[in-house]
Amino acid sequence: MILETQPLLQVVALGVLTHLYFRKFEPTSLTNLVSIIVPAPLALLAIQKVAPLNAGQILLTYSVFLVSLICSIVLYRVSPFHPLAKYPGPLINKITQFRNVWVQHTGHLHLVNKDLHDKYGPFVRIGPNELSVIDINAALAILGPGGLGKGRYYEARKDPRAPGNLLALQGQAHTDRRRLWSRAFTNESLANHEDALVKRVESLLTNLTNVSSSPSVDLSMWLSLFSLDFMGDMASISILSQVPWVVQTAQRLPFLSENILKLRQFAVEHGTARFKKGADKKDLWYHLVGAFKDHQPRTHSFSQSDEAGLEKERPAVGAVIADSALAMIAGSDTTATGLSNLFYFLMSHPHCLKRLQAEIDDVFPKDESPLSSSKHSKLPYLTACINECLRLLPPAPTNGPRQVPQDSSGRLFAGRFIPAGTQVYTPIYSIHRNPEYFSPQTDEFVPERWLASGRDDADQTLNLNAFIPFSYGQANCVGRNLARREMMMVASAVIHKFDIRFADGFKPEAWVDQLHDHFVTTRGALPVILSLRV
Ligand code: HEM
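Residues numbered from 1 in each chain as written. Predicted model: local features only at pLDDT ≥ 70, side-chain atom pairs only at ≥ 80, totals over all residues. Heavy atoms only, no water.

Exactly one donor from the protein chain reaches the iron atom of the ligand: Cys477 (SG), at 2.3 Å. Looking at where Cys477 falls in the secondary structure, it is placed in the loop between β9 (461-462) and α20 (480-497). (Donors = N, O, S within 2.8 Å, 3.2 Å for Na, K, Ca; no water. Helix = DSSP H or I, 4+ residues; strand = E, 2+ residues; numbered from the N terminus.)

Turning to the environment of Ser224, a few remarks are in order. Here Ser224 is to be found in helix α12 (residues 219-234). Under the relative-accessibility criterion, Ser224 is labelled buried at 2%. A C-alpha to C-alpha distance of 7.0 Å links Ser224 and Ser332, two positions 108 residues apart in sequence. (Buried < 20%, exposed > 50% of the residue type's maximum accessible area, 1.4 Å probe, protein only.)

Moving on to the UniProt feature "binding site: heme" (unreviewed entry) in the chain. What UniProt calls "binding site: heme" (unreviewed entry) maps, in this numbering, to Cys477. With residues near it in sequence (within four places) discarded, Cys477 still touches Arg178 and Phe470. (UniProt positions renumbered as here; feature names shortened; annotations may be inferred. Contact = heavy atoms within 4.5 Å.)

This next bit is on the sheet that holds strand β13 (residues 527-532). Strand order in this open sheet of three strands is β3-β13-β10, and the pairing throughout is antiparallel. Edge strands, defined here as strands with exactly one partner in the open sheet, are β3 (217-218) and β10 (498-502). Direction of pairing for β10 relative to β13: antiparallel, over a ladder of five bridges. Bridge pairing in β13 places Phe498 opposite Leu532. Running at roughly 65° to β10, helix α11 (residues 187-211) makes contact with β3, β10 and β13 of the sheet. (Pairing = 2+ DSSP bridges. Axes fitted to C-alpha atoms, helices over the stretch in contact; angles between N-to-C directions.)

With that settled, consider the environment of Lys199. Turning to its location among the elements, Lys199 is positioned in helix α11. Its relative accessible area of 49% is what places Lys199 among the partly exposed residues. As a C-alpha pair, Lys199 and Val478 span 279 residues in sequence and 23 Å in three-dimensional space.

So, on to unusual backbone geometry. Omega for the peptide link from Ser439 to Pro440 comes to -5°, which places this bond in the cis form. Residue placement: Pro440 occurs in the loop between β8 (438-439) and β9. The phi dihedral of Ala414 falls on the positive side, at around 45°, and the residue is not glycine. In this structure, Ala414 sits in the loop between β5 (411-413) and β6 (416-418). The class for Ala414 is partly exposed, based on a relative accessible area of 48%. The backbone of Phe519 sits at a positive phi, close to 75°, despite the residue not being glycine. Relative to the elements of secondary structure, Phe519 occurs in the loop between β11 (516-518) and β12 (520-522). With relative accessibility at 18%, the residue Phe519 sits in the buried group.

Of all hydrophobic cores here, the largest spans 95 residues; its most connected members are Trp181, Phe185, Val201, Leu208, Phe343, Leu346 and Leu526. It is helix α16 (residues 317-348) that contributes the most residues to this core, 14 residues altogether. Ranked by size, the runner-up nonpolar core spans 12 residues in total, among them Leu131, Val133, Val404 and Ile418. (Core = buried A, V, L, I, M, F, W, Y, C linked by side-chain atoms within 4.5 Å.)

Turning our attention to the side chain of Asp233. One can find Asp233 in helix α12. With residues up to four places along the chain from it excluded, the contact list for Asp233 reads Ala196, Arg200, Lys281 and Asp283.

Before going further, it helps to examine the UniProt feature "transmembrane region" (unreviewed entry) in the chain. In the UniProt entry, the feature "transmembrane region" (unreviewed entry) is given for residues 29-47 and 59-78. The annotated region residues 29-47 carries 89% helix and 0% strand content, and the separation between its end C-alpha atoms amounts to 28 Å. Counting secondary structure, residues 59-78 comes out at 100% helix and 0% strand; the distance between its end C-alpha atoms is 28 Å.

Further remarks concern the packing of α16 against α20. Axis separation between α16 and α20 bottoms out at 10 Å; the angle between their running directions is 40°. Taken together, the axis directions place α16 and α20 in an arrangement best described as oblique. Regarding α16 and α20, the two cross each other, and that crossing is right-handed. Residues Thr335, Gly338, Leu339, Leu342, Phe343 and Leu346 of α16 lie in contact with α20, whose contacting residues are Ala483, Glu486, Met487, Val490, Ala491, Val494 and Ile495. Residue composition of the contact of α16 with α20, by class: 10 nonpolar, two polar and one charged. (Parallel < 35°, antiparallel > 145°, perpendicular 65-115°, else oblique. Left-handed = near helix turned anticlockwise from the far one by under 90°. Nonpolar A, V, L, I, M, F, W, Y, C, P; charged D, E, K, R; others polar.)

With respect to the helices and strands, Arg391 occurs in helix α18 (residues 380-392). A distance of 2.9 Å separates a polar atom in the side chain of Arg391 from the backbone oxygen of His432. Dropping the residues within four chain positions of it, Arg391 is found in contact with His432, Phe438, Gln441, Thr442, Glu444, Arg449, Trp450 and Phe467. (Polar contact = N/O pair within 3.5 Å; in protein donor to acceptor, adjacent residues only side chain to side chain.)

Of all residues adjacent to the ligand, which total 31 residues, the nearest are Lys150, Tyr154, His174, Arg178 and Cys477. Side-chain polar atom of Arg178 to an oxygen atom of the ligand: 2.8 Å apart, as the coordinates give it. For the shell around the ligand, the secondary structure elements donating two or more residues are α10 (171-183), α16 and α20. In terms of residues, the shell around the ligand owes the most to one element, α16, which gives five residues. When the residues that make up the shell around the ligand are grouped by side-chain class, the tally is 18 nonpolar, nine polar and four charged. (Near = heavy atom within 4 Å.)

A grouping of Leu9, Val12, Val16, Leu17 and Leu20 is seen on the molecular surface, where their side chains present a nonpolar patch of about 420 Å² in accessible area. Note that Val12 resides in helix α1 (residues 5-24). (Patch = residues over 30% accessible without salt bridge, like charges linked within 9 Å, V, L, I, M, F, W, Y side chains within 5 Å. Areas by Shrake-Rupley, 256 points an atom, 1.4 Å probe, with all protein chains shown as cover. Salt bridge = Lys/Arg side-chain N within 4 Å of Asp/Glu carboxyl O.)

Take the pattern of salt bridges next. Inspection of the entire model under this criterion finds 16 salt bridges. In this structure, Arg355 engages Glu448 in a salt bridge whose closest nitrogen and oxygen atoms are separated by 3.5 Å. With Arg355 in helix α17 (residues 350-363) and Glu448 in the loop between β8 and β9, this pair connects stretches of sequence that are 93 residues apart. Asp443 is the partner of Arg433 in a salt bridge, and the nearest nitrogen-oxygen pair spans 3.2 Å. With Arg433 in the loop between α19 (428-432) and β8 and Asp443 in the loop between β8 and β9, this residue pair connects regions lying 10 residues apart in the sequence. By relative accessible area, which is 13% here, Arg433 ends up buried.

Looking now at the pairing of strand β2 (residues 130-133). Along any regular strand the residues' side chains alternate between the sheet's two faces. With burial as the criterion, each face of β2 is covered, one bearing Glu130 and Ser132 and the other bearing Leu131 and Val133. By the bridge criterion, four bridges tie strand β1 (residues 123-127) to β2 in an arrangement that is antiparallel. Counted as the bridge partner of Arg125 is Leu131 from β2. A loop of two residues connects β1 with β2, the two strands running antiparallel in sequence. As judged from the three bridges shared by β2 and strand β7 (residues 423-425), these two strands associate in the parallel manner. Residue pairing in the sheet places Ser132 in a bridge with Tyr425 of β7.

This is the structure in structure tokens:
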């Protein structure tokens, strides 16, 4: 025997003790983890004074230690003593996060999640310390005022070298930064953004007209270019669509990938230039930085701003640049996905497209420009189509999780106790496809369900509270009104100007197959044929 029974039992005990320690002080980084796991068995061997020590003994000690640590963790996670034990879910998910990591990598998280809810019900344990909740009362209480804040999911996505953007901030810091963002999306501010929006929609129409003689036009790509350019206008970062990797980044978006770092660098360069130049329009940047009263270019270097004097604390330049980069990603890709999905649904349902085109023609007769938000309220069927599209294919399908504070005694939501430290997902895709909230034809594109005239049937269910494509509560989508305005304007303008159908040979199912959930949705090509209307 290379080690006696008693010393081996001590190694087993060390494995179990290490697990107990991890339960109280969860390692937050690999360095943290390794700095405990590597020295602990060596320290024990030193205490045991095993001599002479050889490689076999060290190997055995480490193996026994790791096996005991892992067994202790696994047994605890599946035991009735685990605080989430009463929640149903697949055994593998209770034991490890690795399955989720893999599923997330494949881009099918939203689909797998929906299957789990279909099988296990509205509360599912999807990870050792993770719950997914589609009971809308509980979900709204979790996301809404007095609910839960963001947790370790967002921490892990922060770049330690850069200041946090709005998405990554929590608590008072989030509230303070959000106040600046909100000013950029009031009705008055939206009216100020109208010119920039109209200009970009016009250039989209020109570009589509130029390529409309081709046998196939990738509409998804053109919508990406449009939304990137428009967000570039808003965030004061110009000529985005002429930089190919920016488009690639927006279309693929793995967090903090090489392209994201390049994007940040790009944002820093352009943001710094804008900062020096000053503001001549009231775009998003203007609100994040603060207004320049005199519209004069700056002649000296600033590290901080807020000349409007609306804030007690001036926002730091680095934070404004970080938020600017966030706007380009959060604001462009999501809207382009929403619009692409809308066209996909309309082309798949020609009778809906026909009805919509009639509505648009009615509101904007032949010689009238459709580029006016003031008439959007006269387009109820378009609003219904957009709602239905955002319901069936929400561009942020899983939504970011919230977390019960680690140092709390747990929280109660809709009568269900959720223990401290639990990360809670409120997956939008699964909520929107729950027949309890939307039926009949839950999985079908039926815009009529959103119209009062289509809801005569007493068997129809439309739970407006359960419609949360922009999430809900204090950290919901701050740009939602702008996103809707963009979608309304682009859709009405394109449908007003073109007849549109899938390109020959394109299989529409391929569109949905290529939608991947990577926090926001990534997508493939949408080949269409455009014919100018006479
Ligand atoms: C159809 C288009 C859009 C959809 C479906 C969408 C959806 C969402 C969702 C679900 C969230 C919550 C994420 C979370 O809690 O983890 C969010 C947050 C956010 N969205 Fe959007 N979004 C869209 C367009 C926009 C636009 C145009 C902007 C403008 C810049 C924008 C800026 C943001 C920002 C800054 C946040 C973070 C808010 C915060 O943490 O307080 N989004 N969006």
